[in-house]
Amino acid sequence: MFGRVLTFLTAVTTAVCGMTADVYADEAQQDSAQSVDAQSVYVCEINSSQTLYEQNSEQTLPMGHMVKLMTVLICAEELEKGALSLDETVTVSVNANSKQGTQIWLEVGERVSVEDLLKAIIVGNANDACTALAERLSGDEEAYVQRLNKRAKRLGMSNTVFADCTGTDLQTVSTAKDIAILSCEIAKYENLKVYFTTWIDNVRGGLTELVSTNRLIRTYKGILGMKACASSESGECISACAKRGNLGICVVLLGCSDSEGKIDAAESLLDESFESYSYFLPEIDKSYLEPIKVTGGRKLSVKVEAENLSGAVIDAGGEEAIELEADIKDSVEAPVSKGDVLGKITCKNSDETLITVNIVAAENVQTMNFGYALKSCLLNLLNCNH
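Described in the following lines is the structure provided in the data block.

Definitions and cut-offs
Every chain is numbered on its own, with residues counted from 1 as its sequence reads. Only residues with pLDDT of 70 or above have their local features reported here, since the model is predicted, and side-chain atom pairs are shown and tallied only from 80 upward, although totals for entire chains, interfaces and linings are computed over all residues. Side-chain metrics in this entry use all non-hydrogen atoms of the structure; hydrogen atoms and water are not considered. When DSSP finds at least two bridges between two strands, those strands are taken to pair. In this description a helix means any DSSP run of H or I spanning at least four residues, a strand means any run of E spanning at least two, and both kinds are numbered starting from the N terminus. All axes are obtained by fitting lines to C-alpha atoms, using only the stretch in contact for helices, and the reported angles, taken between N-to-C directions, cover 0 to 180 degrees. We call two residues contacting when some pair of their heavy atoms lies within 4.5 Å. The set of buried Ala, Val, Leu, Ile, Met, Phe, Trp, Tyr and Cys residues whose side-chain atoms join them within 4.5 Å is what this entry labels a nonpolar core. We call a residue buried when its accessible area falls under 20% of the maximum for its residue type, exposed when it is over 50%, and partly exposed in between, using a 1.4 Å probe and counting protein chains only. The rule is short: rings of Phe, Tyr and Trp, with Trp giving its six-membered ring, pair when the centres are within 6.5 Å, and they are stacked under 30 degrees, edge-to-face over 60, tilted in between. The criterion is that NZ of a Lys, or CZ of an Arg, lies within 6 Å of the ring centre and within 35 degrees of the ring normal, and then a charge sits over that ring. A carboxyl oxygen of Asp or Glu within 4 Å of a side-chain nitrogen of Lys or Arg is what we treat as a salt bridge. The span one expects for a helix is its residue count, reduced by one, times 1.5 Å. Working definition: the arc comes from the directions between the helix axis and the C-beta atoms, pointing outward to the latter. Just so you know how the angles are binned, under 35 degrees is roughly parallel, over 145 roughly antiparallel, 65 to 115 roughly perpendicular, and the rest oblique. For any pair of crossing helices, the crossing counts as left-handed if the nearer helix is rotated counterclockwise from the farther one by less than a right angle, and right-handed if it is rotated clockwise.

### Thoughts on the sheet that holds strand β9 (residues 223-231)
The sheet built from 5 strands is open, its strands ordered β2-β1-β11-β10-β9 with antiparallel pairing. The sheet terminates laterally at β2 (51-55) and β9, the two strands that pair on one side only. Put simply, the sheet's adjacent strands are angled 5° from each other on average, direction ignored. Note that strand β10 (residues 235-244) and strand β11 (residues 247-256) share 8 bridges and pair antiparallel. Opposite E236, over in β11, you have C256 as the bridge partner. Helix α7 (residues 176-186) contacts β1 (40-45), β9, β10 and β11 of the sheet and is inclined by roughly 140° relative to β11.

Structure follows, in structure tokens:
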């Protein structure tokens, strides 16, 4: 599937290892593979997390500024819970002021809004801003690093270790696959898109200008973010997420040798993914969601709903070949508990099952007993008399 894009990548980067790799993870064992100019590469679909292409995707490497994506996620979660607000101000500590490397030159005792710190982290990769926000979120940097590792573990980032919050410590390592997991989680927060797609902005009342190093945010159709960065330890790195229609693609390249090459490679991988795939989300006909008759219950029927409706990645243009098969009960006996599986809808492409959607009870229906039946009869008689 990626033959065309990988052939192109060899022309725009310095990749030299010859052959075509199948994009699906379960068919990744190939006799040969043409490599991208990066130490670690991972491409996946955002909604389903389905692997589309990988190259040394679980090789651990210094994370560099990619580490700051976790702070963005934690900040977004705190904002969503109401435990943090964008207009809240944070007082800059001696520790935050002391951070070297990329910074916005925060002064000790200066008060900066959470929104400015977030902008400085997303657009400008600022170490001092990241430290100031980390201290606000967990009290001190050491406690915050523990929080980063716990959050990474819950996300399933099994090859990631945080030794600091800025990425300057070489013991802070991750993989392309783990960064993709993190990026896909961040992509759920639509309120962050405005920051991730900002090219130029300023913070600290106009004292400091921020300029993004990710030119994809200016030109790529459907771009959501995420981050482009570089350091002598991590090399050139990029995480890029984009969405067109229902299909979302995440591309991560770590340890590239060339700044322009990494952008071109990410763009080409995105292009080929959008050309090659679609995201099929089944439409459940209303007839499949009609109430189901209940025998021996306090209600004559039970309402139903589709449980955890999800989609699947398919070849572009393959929607017409997909068939839906429904197997739903005509009636059930009481008692019925909310969540009981009363049927299923299977989406198939030839003999391959793509998606199985359970049809479940949306409410409880208790068993009819003599006392309840007598009470119901009396109430009906009274209503008739009125």
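### Observations concerning the nonpolar core
Counting residues in hydrophobic clusters, the biggest one holds 64 residues, and the most contacted among them are M70 and L192. The leading source of residues in this core is helix α2 (residues 68-81), at 8 residues. Residue contacts for M70: discarding those within four places in its chain leaves Y144, L148, R151, A152, L155, M157, F162 and L182. Of all hydrophobic cores here, the second largest spans 28 residues; its members include L216, A228, A240 and V251.

### With respect to the sheet that holds strand β17 (residues 322-328)
Strand order in the open sheet made by the 4 strands is β15-β20-β19-β17, with antiparallel pairing throughout. Here the strands that pair on one side only, and so sit at the sheet edges, are β15 (304-307) and β17. Direction aside, the axes of adjacent strands within the sheet are offset by 25° on average. Relative to strand β19 (residues 341-349), β17 is paired through 7 bridges, and the arrangement is antiparallel. Its bridge partner being in β19, L324 is matched across the sheet by C347.

### Details of the packing of aromatic side chains
Summed over the entire model, instances satisfying the criterion amount to 0 aromatic pairs. A cation over an aromatic ring shows up here: R244 above the ring of F274, its NZ or CZ 4.6 Å from the ring centre.

### Examining unusual backbone geometry
Residue A334 is joined to P335 through a cis peptide bond whose omega torsion reads 5°. Among the structural elements, P335 can be located in the loop between β18 (331-333) and β19. Located in the positive-phi region is N56, a residue other than glycine, with phi close to 50°. Along the chain, N56 falls in the loop between β2 and β3 (61-62). One non-glycine residue, R204, lies in the positive phi region at around 60°. Mapped onto the fold, R204 is located in the loop between β7 (200-203) and β8 (208-211).

### A short note on the environment of A38
Looking at the secondary structure, you find A38 in the loop between α1 (3-12) and β1. Spatially, the C-alpha atoms of A38 and S257 are 7.1 Å apart, while their sequence positions differ by 219 residues. Apart from residues no more than four positions distant in its own chain, A38 is found in contact with Q55, L253, L254, G255 and C256.

### What about the pattern of salt bridges?
Enumeration according to the criterion identifies 14 salt bridges in this entry. Across the salt bridge formed by R215 and D264, the nearest N and O atoms sit 2.7 Å from each other. A residue pair is termed long-range when its members are at least 10 positions apart, and R215 in the loop between β8 and α9 (216-219) and D264 in helix α10 (residues 259-276) qualify at 49 residues. The class for R215 is partly exposed, based on a relative accessible area of 26%.

### Things to note about helix α6 (residues 141-155)
A turn of α-helix holds 3.6 residues, and therefore any two residues three or four places apart point the same way. Spanning 15 residues, α6 covers 21 Å between terminal C-alpha atoms, matching the ideal 21 Å at 1.5 Å per step. Looking only at α6, the buried set comprises E141, Y144, V145, L148, R151, A152 and L155. Down the axis of α6, the sector holding all buried residues measures 125°, keeping them to one side. Turned more than 90 degrees away from the buried face of α6 sit E142, K150, K153 and R154, all of them exposed. In this structure, the buried residues of α6 make contact with α2, α3 (94-97), α5 (127-138) and α7. Two residues or fewer after α6 comes G156, characterised by a positive phi angle close to 90°.

### Regarding the pairing of β19
Strand direction decides the pairing type here: β19 and strand β20 (residues 352-361), joined by 8 bridges, are antiparallel. By the bridge assignment for β20, G343 is matched with I359. Turn length for the β19-β20 hairpin, with the two strands adjacent in sequence and antiparallel, is 2 residues, and the turn residue S350 shows positive phi of about 60°.

### Notes on the packing of α2 against helix α4 (residues 114-122)
The geometry of α2 relative to α4 is characterised by a closest axis approach of 10 Å and an angle of 150° between their N-to-C directions. Judged on the interaxial angle alone, α4 and α2 are roughly antiparallel. Considering the relative orientation of α2 and α4, their crossing is left-handed. On α4, the residues that touch K68, T71, V72 and C75 of α2 are V114, L118, I121 and I122.

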